[in-house]
Amino acid sequence: MEASAPQVPKKRGRKPKPKEDQQQQSAGPKMKEGKKAHQQSVDDKYTQWKSLVPVLYDWLANHNLVWPSLSCRWGPQLEQATYKNRQRLYLSEQTDGSVPNTLVIANCEVVKSRVAAAEHISQFNEEARSPFVKKYKTIIHPGEVNRIRELPQNSKIVATHTDSPDVLIWDVEAQPNRHAVLGATNSRPDLILTGHQDNAEFALAMCPIEPYVLSGGKDKSVVLWSIQDHITSSATDPATKSPGSGGSIIKKAGDGNDKATDGPSIRPRGIYRGHEDTVEDVAFCPSSAQEFCSVGDDSCLILWDARGGTNPAIKVEKAHNADLHCVDWNPHDDNLILTGSADTSLLFSVYSGLQIRHLCLEVLRRMVSLNIWDHEKVGKKSERLTRAPNSPAGLFFQHAGHRDKVVDFHWNASDPWTVVSVSDDCDTTGGGGTLQIWRMSDLIYRPEDEVLAELEKFKSHVVSCASKP
């Protein structure tokens, strides 16, 4: 069977439109053979990975999606039981136009550590939907959902980025459940954050200590909002409101600039200009609502301090050799910032006062894998041969369960070693992409002496069982 024609380069994280496929039907046989060989390599690696699932993972749930998802985020934990916990999960559905784009609120059953049997986690069907993931509510979103971020002070409030200049704020528990059928009207956001002069699609962050929202866009600017005056006191006290109890925790009283049909809008606290191209990602300093950073297609990393005005506090020119797509600030160490680039490298930046020094590493060129790094071992030579010969130092774990580009992932704050990830592998699975929830075996990350002692105990148990008549 002949491989399909190559597609034009995708916009980051976005499924190509059908018309783009039609324009690429004249590709030559060499390109077709190249894609066929690449897919065969991916399939072989996936088969090898699947055979190792019982050894590498404590739990794994594979969920075939109806539509591709460009973002996935954990919400609040709802219930704890003996063997599993129930938790909210936020997803997007990027459709082909036959039905509206949606923001999905799902309930996920998270199996506790050392509960799942090895046979159970290895026997999944790639084309089936997991019984652990159930849709709870659908919000009809005005445009694509490119990013979802939850408010740390109350994760029932989420912000979304779409293909417009506005940032939309949703109280997901108060929003009514909608049916995504052709012609259905859009759900009404609880708040609209205005201030961008062009589309803001990917760069989005919530402040960990104050109800602040940060965004970047094609207008080359970083925009900061405070929603402090627009949420009730229950927004910072989740115990005062039970899930599904009704009534928004976002105040509906406007300040004279309400959009009657779209929901109340608020203006920014500050607009920060210093980039020379699209801002691709932003992040808050974990310990300050006034300090944040941004990266963009101008290859720059910029640090900002709102107390000093709207000009950059520090600007790192050519932080990478290509566009910068992502940035994150270490939640446990304010001095560490991580950036990722289209040049397939990661950059660990050590921030001290007004100086930044870097430690760069080459990332494995496997878009279908999700790599976990130990930054303390990056760039150091290992005395023990505990990793693959071609793997860079510091590569801690590689999740290879996806067969196309990994679009988004999120660590679970309620269960720190549990991760949710989504990929755009519609052609491989016959569906809309793949969502996986996984937790590596604790034998991988626990202290070495503890692991060796446990394995030795297990060895003794096996020997004693074998010696019995």
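Thresholds applied
Residues numbered from 1 in each chain as written. Predicted model: local features only at pLDDT ≥ 70, side-chain atom pairs only at ≥ 80, totals over all residues. Heavy atoms only, no water. Salt bridge = Lys/Arg side-chain N within 4 Å of Asp/Glu carboxyl O. Helix = DSSP H or I, 4+ residues; strand = E, 2+ residues; numbered from the N terminus. Buried < 20%, exposed > 50% of the residue type's maximum accessible area, 1.4 Å probe, protein only. Lys, Arg positive; Asp, Glu negative; His and termini not counted. Polar contact = N/O pair within 3.5 Å; in protein donor to acceptor, adjacent residues only side chain to side chain. Contact = heavy atoms within 4.5 Å. Phe/Tyr/Trp six-rings, centres within 6.5 Å; stacked < 30°, edge-to-face > 60°.

Caption draft 1: Focus on the pattern of salt bridges. Taken as a whole, this structure holds 15 salt bridges when the rule is applied. The partner of Glu454 in a salt bridge is Arg114, with the nearest N and O atoms 2.7 Å apart. Here Glu454, found in helix α6 (residues 448-467), pairs with Arg114, found in the loop between β4 (102-111) and α3 (118-122); they are 340 residues apart in sequence, far enough to count as distant. In this structure, the salt-bridge partner of Glu454 is Arg446, at a minimum N-O distance of 2.8 Å. For Arg446, a relative accessible area of 21% translates into the label partly exposed. Each member of the salt-bridge network shares a partner with another, and the members are Arg114, Asp442, Arg446, Glu450 and Glu454.

Caption draft 2: Region of the structure containing the side chain of Lys137. Topologically, Lys137 is positioned in strand β5 (residues 133-140). Although Lys137 lies buried, it forms no salt bridge, and the closest oppositely charged side chain, Glu173, sits 4.7 Å away as judged by the N-O distance. A polar contact of 2.7 Å, which involves the side chain of Lys137, links it to the backbone oxygen of Gln175. Those residues within four positions of Lys137 in sequence are excluded, and the remaining contacts are Leu103, Val104, Ile105, Val172, Glu173, Ala174, Gln175, Pro176 and Asn177.

Caption draft 3: View of the packing of aromatic side chains. Throughout the structure, instances matching the rule amount to 13 aromatic pairs. Measuring from ring centre to ring centre gives 6.1 Å for Tyr57 and Trp438, while their planes differ by 85 degrees; the resulting arrangement is edge-to-face. With Tyr57 in strand β1 (residues 57-64) and Trp438 in strand β27 (residues 434-440), the pair connects residues that are 381 residues apart, well separated along the chain. An identical accessibility class is assigned to Tyr57 and Trp438; each is buried. For the pair Phe396 and Trp417, a centre-to-centre distance of 6.3 Å together with 35 degrees between the ring planes defines the contact as tilted. Placement of Phe396 in strand β24 (residues 395-399) and of Trp417 in the loop between β25 (406-411) and β26 (418-423) is noted, with a sequence separation of 21 residues between them. Given a relative accessible area of 29%, Phe396 falls into the partly exposed group. On the basis of relative accessible area, Trp417 is assigned to the partly exposed category, the value being 29%. Taken together, the aromatic side chains of Tyr46, Trp49, Tyr57, Phe124, Phe397 and Trp438 make up a single cluster linked through ring pairs.

So far we have only geometry, and geometry alone does not tell us how the molecule works.
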